[in-house]
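# Breakdown of the fold
Chain residues, written in single-letter form:
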Amino acid sequence: MNIHKDGKQLHHLCTRTLVRKIEQSYNNKMSNIKDEISKVNYICTTADIWTSHSRRFMGVTVHWIDEKSLKRISYAIACRRFSGSHTHDRIANILNEIHLKYEITREKLIATVTDNGSNFVKAFKRTYIIFIIQTANSNFNFLDYIETYDEQDNQLERESTEIIPFQEIVSPLLPTYQRCASHTLHLVATSDILRGIQSSENIKLMYNDIMQKCSTLWKSARSPKKYEIIVGTLKEALKRPVVTRWNSLFDCFKQLITLKQKLLILFGKLDMSSLTTNDFM
């Protein structure tokens with residue numbers, strides 16, 4: 001196929017060349033990130049696991065503050081397919097491999113931020129990692145290094161075949177664990193508050209009634225026909241809550257409050273149980 005622009009013939013790339021250029025660009029970018037990390041004294045990483053289209057992935061990002069501009073520098077350094085069960089030991093191994101790939105040492109790494117998931121919490125408390133030990137003659141030996149967390153004594157018991165100086169460990173230990181503040185707020189704004197609502201029968205009935213009406217409205221937006229009615233009446237699309245974003249429910253309620261008068265008309269058009277004036281109080 002001939003492609004011309006400004007009177008000149010352009011040559012399109014074949015699949016093999018395109019793949020090679022993408023891989024080259026990726027390797028150059030990762031090399032530059034690795035070089036930047038080597039020049040930084042203190043960094044922080046984040047880790048998360050999610051599922052998309054029945055496939056699980058693990059993502060890791062790295063962050064630090066530029067000493068001159070005092071601006072935060074951030075990079076995504078990994079997005080790996082996470083097949084099988086996401087147990088604490090596999091999480092620890094993969095996270096450790098990623099840190100090793102970018103030569104992120106324990107001294108440099110201040111903390112790793114994750115959510116409050118039990119698998120992440122356990123990965124930092126009870127870790128089974130095989131460390132690579134480099135001896136003076138450049139031969140590599142493998143040492144099983146096991147840390148078990150004793151919840152009763154609240155102590156770490158280490159079992160190893162020999163004592164190895166930390167400087168000789170190529171692969172760093174997992175760093176200090178920092179729970180994500182946003183996810184913690186998510187738990188407070190959902191689980192904790194919901195328990196408070198459930199403790200009062202009157203508030204519980206009112207909450208369930210309002211949530212039922214709102215949920216029906218949000219679900220109706222999935223229908224193309226009803227979506228047109230919603231946008232035509234409200235002059236804007238309805239926001240819908242997302243389970244993984246604690247503030248999304250707040251944003252949805254905030255929008256409904258601003259559309260109070262139009263909503264009363266909309267419920268009539270959709271032939272749904274309407275929110276009452278008392279529901280907005």
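Residues numbered from 1 in each chain as written. Predicted model: local features only at pLDDT ≥ 70, side-chain atom pairs only at ≥ 80, totals over all residues. Heavy atoms only, no water.

Here we take up the overall build of the protein. For the protein, the helix and strand inventory stands at eight helices and ten strands. In the protein, which comprises 281 residues, the proportion classed as buried is 29%. Relative to all contacts within the protein whose residues are 6 or more apart in sequence, the contacts with residues 24 or more apart total 55%. Carbon and sulfur atoms form 53% of the exposed surface of the protein, whose accessible area is close to 19,100 Å². (Helix = DSSP H or I, 4+ residues; strand = E, 2+ residues; numbered from the N terminus. Buried < 20%, exposed > 50% of the residue type's maximum accessible area, 1.4 Å probe, protein only. Contact = heavy atoms within 4.5 Å. Areas by Shrake-Rupley, 256 points an atom, 1.4 Å probe, with all protein chains shown as cover.)

A few words on the packing of helix α5 (residues 201–220) against helix α8 (residues 260–270). A pair of packed helices can be characterised by two numbers: the angle between their axes and the separation between those axes. Orientation of α5 relative to α8, taken along the N-to-C sense of each, is 70°, at an axis distance of 12 Å. Judged by the angle between their axes, α5 and α8 are roughly perpendicular. For the element pair α5 and α8, the recorded crossing hand is left-handed. Here Lys213, Leu217 and Ser220 of α5 lie close against α8, whose contacting residues are Leu263, Leu266, Phe267 and Leu270. Taken together, the residues of the contact of α5 with α8 sort by class into five nonpolar, one polar and one charged. (Axes fitted to C-alpha atoms, helices over the stretch in contact; angles between N-to-C directions. Parallel < 35°, antiparallel > 145°, perpendicular 65-115°, else oblique. Left-handed = near helix turned anticlockwise from the far one by under 90°. Nonpolar A, V, L, I, M, F, W, Y, C, P; charged D, E, K, R; others polar.)

As a further point, take the environment of Leu187. Summarising the element assignment, Leu187 is placed in helix α4 (residues 181–198). A relative accessible area of 30% means that Leu187 is categorised as partly exposed. For the pair Leu187 and Asn116, spaced 71 residues apart in sequence, the C-alpha separation works out to 9.0 Å. For Leu187, the residues in contact, after removing those within four places along its chain, are Asn116 and Asp192.

This part is about the sheet that holds strand β5 (residues 72–81). Strand pairing in a sheet relies on backbone hydrogen bonds, with the paired strands running either antiparallel or parallel. The sheet built from five strands is open, its strands ordered β5-β4-β3-β6-β10 with mixed pairing. In this open sheet, the two edge strands, each paired with only one partner strand, are β5 and β10 (176–179). When the angles between neighbouring strand axes are averaged without regard to direction, this sheet yields 25°. Relative to β5, helix α1 (residues 15–38) is tilted by about 130°, and along the sheet it contacts β3 (43–52), β4 (55–65) and β5. (Pairing = 2+ DSSP bridges.)

No statement about biological role is implied by the geometric values presented.
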